[in-house]
Amino acid sequence: MTGDRRIWLWFTPVLLVLGGVFLIPVADVIRFSFSDATLLRPVTGYGLDGYASAYGDDSLPVILRNTGLFTLLSVVSLQAMGLAIALLLVRGDRRGLWGMGLLRTIVLAAWVIPGIANGLIWQMLLSEAPFGAVNSLLRLIGLAPVAWLSDPGNAMLSAVIANVWQGSAFSMIVFYAARRAVDPVLYEAAAVDGASPTAQFLFITIPQMRGAILVNTILVTIQTLNTFDTILALTGGGPGRATEVLSLNIFNRVFYSYDLGGGSALAVLLLAISMMLTLVYLAVLMRKGTR
Amino acid sequence: MTPRVGDMLTYLAGIVLAALFLMPLLWLVSLSLRTPAEVYLGAARFIPEAPTLDNFRQILTDGAFGTYLWNAVKLCALGALGAVIVATPAAYAASRFTFRGKGPLMVGILMVQMISPLVVIIPLYRYLDRLGMLESHLSVIAVYMAIGVPLSVWLIKVGFDTIPPALEEAAAIDGCNRADILMRITLPLAAPALASAFILNMIMGWSQFLVPFILLTRDGQLPIAVAIYNFAGSSSASTTQLLAAACLVAVVPALAAFLALQRLIVRAIMAGAVKG
């Protein structure tokens, strides 16, 4: 069976589907990025105009700053939240505490909510109208309302909060699995040596879970970079451009401004970042495999 | 710190976290049950004094929302099914055979998963426009299918890996041919993996916004995620309770499916994230 050419027959459907929907379009995006095409007008010439217009655009530094900030804050918070819940669940399991399964279910429930619905839900929560959930609660306990969505800095924070609420479950599951795979003997030995829980966390849990944390960082970063529907529904990228990230900018550029060349040039950037992160991910996985 | 104090702190943290994660959904339910007058009372009226199902009645008897829900079910079910059908032979071959180029091929399939649909939707829009296939559910299903294929290949491969080849060999000795073995032994045993791939694809498809938003514009064809976005664009403060009801209608099917099939889904995420 090995070496048989007929083996590739098994892969024909996958190769056709992925080729048609991913590989050929990716090649075309790269081609468009060097062309003067618009969404509806075919290519009439090639050049670097798309790159010049997209990368020379005054708004690009702001967009990249937003993207970096949103991604950094999201990735750090997603993992901190995921790790905290995972460790809490593991402790609860070990002590036989009640309700740990319920907590896991509640956190996971947010994960299945569509990004658009997530954005709309948080818009209702953070609404600055007098009846917005969070602000009316603040007023009830005698605090001043906060401009969650109309203040540029707060809007970014709000987008991160919405993203973290929905996305923490993924990191939680990854870390929960990784933490349970840590050999309990390590903790027993540390306890015998009189190591405090903090010391155990710093010198056993974190080092033992290093691989999982690294892999999760990359996966979560790619996910965060590539999605924009929560932001679209929550702030639409505003106020001004305060929450407009790269993927949302590409979407607006191509489908509202019909600037296919410029949008493709930025899509190539998004693709390049994702692929670079994927290569790092693969390198990590392979090193883990050989060890 | 005694274990008992630790337990109390664990419960306390657990309750705070559960409240944080549950609150947005409870608020959504609260809004959706209010009359417009009660919406204006904000958090003070968390439990409506005069709860009403009128908002749901208005959304669900609209007719259009039934269509949006049906569209979403149809698109993501067929896309998920297609992905599993396309992925299964590849997953089987990847699990059972060794051959030159297998490593790079599997890595290549994994890399495709990291490509944002945003990157490929631009050319796809142009192809489909030229073929006259915009506004077609078939096109959207094909794209959903492709988006689901990479993860499905990996998940199903892991499933096949757990089935001992000895079972297949025994059947072969008894005179079964390969097709028989696949249909009667291997696929039934791989059913949990096939099911979790299907469900994960369903949930991803239910959340999809970009693909249908770009490829479909006729109102009667839209799935629910796009419909609530459009609905939000046309709603105002005075219709918040209706928007909340619409969001809930969009979210509840995914939540119900998740609650029913949680075990499979958690296992699929673990297998997907900690591959091999």
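Here the structure is a predicted model, which is why all the values come from computation and not from measurement.

Caption draft 1: Examining the overall build of chain A more closely. When you go through chain A residue by residue, the secondary structure sums to 13 helices and zero strands. In sequence order, chain A lays out its α and β elements as α-α-α-α-α-α-α-α-α-α-α-α-α. When the backbone C-alpha atoms are referred to their principal axes, chain A occupies close to 75 × 70 × 30 Å. A total of 291 residues make up chain A; the buried ones form 53% of that total. Long-range contacts, defined here as pairs at least 24 residues apart, represent 66% of the contacts in chain A between residues at least 6 apart. When the accessible area of chain A is evaluated, it comes to approximately 12700 Å², of which 67% is carbon and sulfur surface. Of note, chain A has its 18 positive side-chain charges centred 11 Å away from the centre of its 15 negative side-chain charges.

Caption draft 2: How the structure looks around the packing of helix H1 (residues 7–33) of chain A against helix H6 (residues 117–130) of chain B. Packing of H1 of chain A against H6 of chain B leaves a shortest axis separation of 8 Å and a crossing angle of 95°. In terms of orientation, H1 of chain A and H6 of chain B fall into the roughly perpendicular class. Two secondary-structure elements touch here, H1 of chain A through Gly20, Val21, Phe22, Ile24, Pro25, Val26, Asp28, Val29 and Phe32 of chain A and H6 of chain B through Val119, Val120, Pro123, Leu124, Arg126 and Tyr127 of chain B. The class makeup of the residues in the contact of H1 of chain A with H6 of chain B is twelve nonpolar, one polar and two charged.

Caption draft 3: Structural detail: a nonpolar patch on the surface. All names here are of chain B. Where nonpolar side chains cluster on the molecular surface, the patch consists of Val5, Leu9, Leu12, Val16 and Leu20 and spans about 440 Å² of accessible area. Summarising the element assignment, valine 16 is placed in helix H1 (residues 3–32). The partly exposed category is assigned to valine 16, whose relative accessible area is 46%.

Caption draft 4: Main features of the pattern of salt bridges. Residue and element names in this part refer to chain A. In this structure the tally under the stated criterion is nine salt bridges over all chains. Between glutamate 244 and arginine 241 there is a salt bridge, with its nearest N and O atoms 2.9 Å apart. Salt bridges sharing partners connect three or more residues here, namely Asp57, Arg253 and Asp259.

Caption draft 5: Seen up close, the environment of leucine 137 of chain A. Following the sequence through the fold, leucine 137 of chain A ends up in helix H6 (residues 133–140). In this structure, the C-alpha to C-alpha distance between leucine 137 of chain A and serine 53 of chain A, residues 84 residues apart in sequence, is 46 Å.

Caption draft 6: Geometry of the domain arrangement of chain B. All names here are of chain B. On domain assignment, one finds that chain B holds domain 1 (1–52) and domain 2 (58–273). Facing nine residues of domain 1, the contacting portion of domain 2 comprises nine residues. On inspection of domain 1 and its partner domain 2, the count reaches zero salt bridges. Remark: the boundary between domain 1 and domain 2 carries zero residue pairs in polar contact (both at pLDDT 80 or more). Looking at the side of domain 1 that touches domain 2, the elements with two or more residues in it are H1 and helix H2 (36–39). No other element matches H1, which puts five residues into the side of domain 1 that touches domain 2. Across the side of domain 1 that touches domain 2, the residue classes tally to seven nonpolar, one polar and one charged.

Quick notes on the rules
- Residues numbered from 1 in each chain as written.
- Chains lettered and ligands numbered in written order.
- Predicted model: local features only at pLDDT ≥ 70, side-chain atom pairs only at ≥ 80, totals over all residues.
- Heavy atoms only, no water.
- Helix = DSSP H or I, 4+ residues; strand = E, 2+ residues; numbered from the N terminus.
- Buried < 20%, exposed > 50% of the residue type's maximum accessible area, 1.4 Å probe, protein only.
- Contact = heavy atoms within 4.5 Å.
- Areas by Shrake-Rupley, 256 points an atom, 1.4 Å probe, with all protein chains shown as cover.
- Lys, Arg positive; Asp, Glu negative; His and termini not counted.
- Charge placed at Lys NZ, Arg CZ, Asp CG, Glu CD.
- Axes fitted to C-alpha atoms, helices over the stretch in contact; angles between N-to-C directions.
- Parallel < 35°, antiparallel > 145°, perpendicular 65-115°, else oblique.
- Nonpolar A, V, L, I, M, F, W, Y, C, P; charged D, E, K, R; others polar.
- Patch = residues over 30% accessible without salt bridge, like charges linked within 9 Å, V, L, I, M, F, W, Y side chains within 5 Å.
- Salt bridge = Lys/Arg side-chain N within 4 Å of Asp/Glu carboxyl O.
- Domains from an automatic or database assignment.
- Polar contact = N/O pair within 3.5 Å; in protein donor to acceptor, adjacent residues only side chain to side chain.

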